Amino acid sequence: MAIRNIREIGDEILSKVSKEVTIITPRTKLLIKDMLDTMYSIEGIGLSACQVGVLKRIFVVDAGEDYGEEPHILINPRILEKSGEQTGSEGCLSVPGKHGTVTRPNYVKVIAHDENLKPFELETTELLARAICHEMDHLDGRLYVDLVEGELKDNSEAEEEE
């Protein structure tokens, strides 16, 4: 299990557009495994390659068993369709200790490639749709903080409210 360092807001790599993956190498497979290990170690539900310092169009998401038994690995993803709207609290491993209100599509249909560069489509709603849109933004050099409605809040404030 290899845990990688998460790049945080202010790191210029987070504002760069990630490059398409054209070949799967042993290093690519190791990157994906490390991304999953890193995401699970800090209880995240999504992580893009740029967040661990690699500008490749790869992200992993696991929104829980309601969205499948296995984590989703998306390489070179593209959103084909989106509809509806959901507004809710969102945070990011690259913006530790903060969260904010963001509106995203409630439904997305994406085409991507798996670890063997085999194409597949994924249709989903709610939390997984939100996570996919969030990670897609990372691949294009954007952070959720640019979409926050109102102010960013400290996570400690949310804990106090509960």
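Now for a quick tour of the structure. Here the residue numbering is sequential within each chain, running from 1 through the sequence in written order. Totals for whole chains, interfaces and linings use every residue, but because this is a predicted model, local features are given only for residues with pLDDT of at least 70 and side-chain atom pairs only at 80 or more, for both listing and counting. For the side-chain quantities, the full set of heavy atoms in the structure was used; hydrogens and water were omitted.

### Concerning the side chain of threonine 38
Phase 1 of the analysis: Relative to the elements of secondary structure, threonine 38 occurs in helix 1 (residues 26-41).
Phase 2 of the analysis: Exposure is judged per residue with a 1.4 Å probe applied to protein chains only, and the accessible area is read against the type maximum: over 50% gives exposed, under 20% gives buried, and values in between give partly exposed. Here threonine 38 falls in the buried class, since its relative accessible area comes to 0%.
Phase 3 of the analysis: Under this definition, polar contacts are N or O atom pairs within 3.5 Å; protein pairs additionally need one hydrogen-donor-capable and one acceptor-capable atom, and for neighbouring residues in sequence, both atoms have to be side-chain atoms. Polar side-chain contacts of threonine 38 include one of 2.9 Å to the backbone nitrogen of arginine 4.
Phase 4 of the analysis: By the convention used here, residues are in contact when the closest approach between their heavy atoms is within 4.5 Å. Contacts of threonine 38, omitting those with residues within four sequence positions, involve Ala2, Ile3, Arg4, Ile6 and Leu47. Numbering of helices and strands starts at the N terminus; helices are DSSP runs of H or I of at least 4 residues and strands are runs of E of at least 2.

### Structural notes on the sheet that holds strand 7 (residues 119-125)
Phase 1 of the analysis: With respect to topology, five strands assemble into an open sheet ordered 1-2-3-6-7, the strand pairing being antiparallel. Looking at which strands have only one partner, the edges of the open sheet turn out to be strand 1 (46-48) and strand 7. Neighbour to neighbour, the strand axes of the sheet diverge by 35 degrees on average, direction disregarded.
Phase 2 of the analysis: Axis angles are defined between N-to-C directions and span 0 to 180 degrees, where every axis is a line fitted to C-alpha atoms and, for a helix, only to the segment in contact. Set on the sheet, helix 1 makes contact with strand 1, strand 2 (58-61) and strand 3 (72-83); between it and strand 2 the angle comes to about 35 degrees.
Phase 3 of the analysis: Along the sheet face, helix 2 (residues 126-139) touches strand 1, strand 2, strand 3, strand 6 (107-113) and strand 7 and points at about 155 degrees away from the line of strand 2. In this analysis, strands are considered paired if DSSP registers two or more bridges between them.

### Description of helix 2
Phase 1 of the analysis: Taking 1.5 Å of rise per residue, 14 residues should cover 20 Å, and helix 2 covers 20 Å from first to last C-alpha, within 8% of that figure.
Phase 2 of the analysis: Of all the 14 residues making up helix 2, 12 are buried; the element is thus mostly covered by neighbouring parts of the structure.
Phase 3 of the analysis: Positive backbone phi, approximately 80 degrees, marks glycine 141, located one or two places after helix 2. Expected span of a helix: the number of residues minus one, times 1.5 Å.

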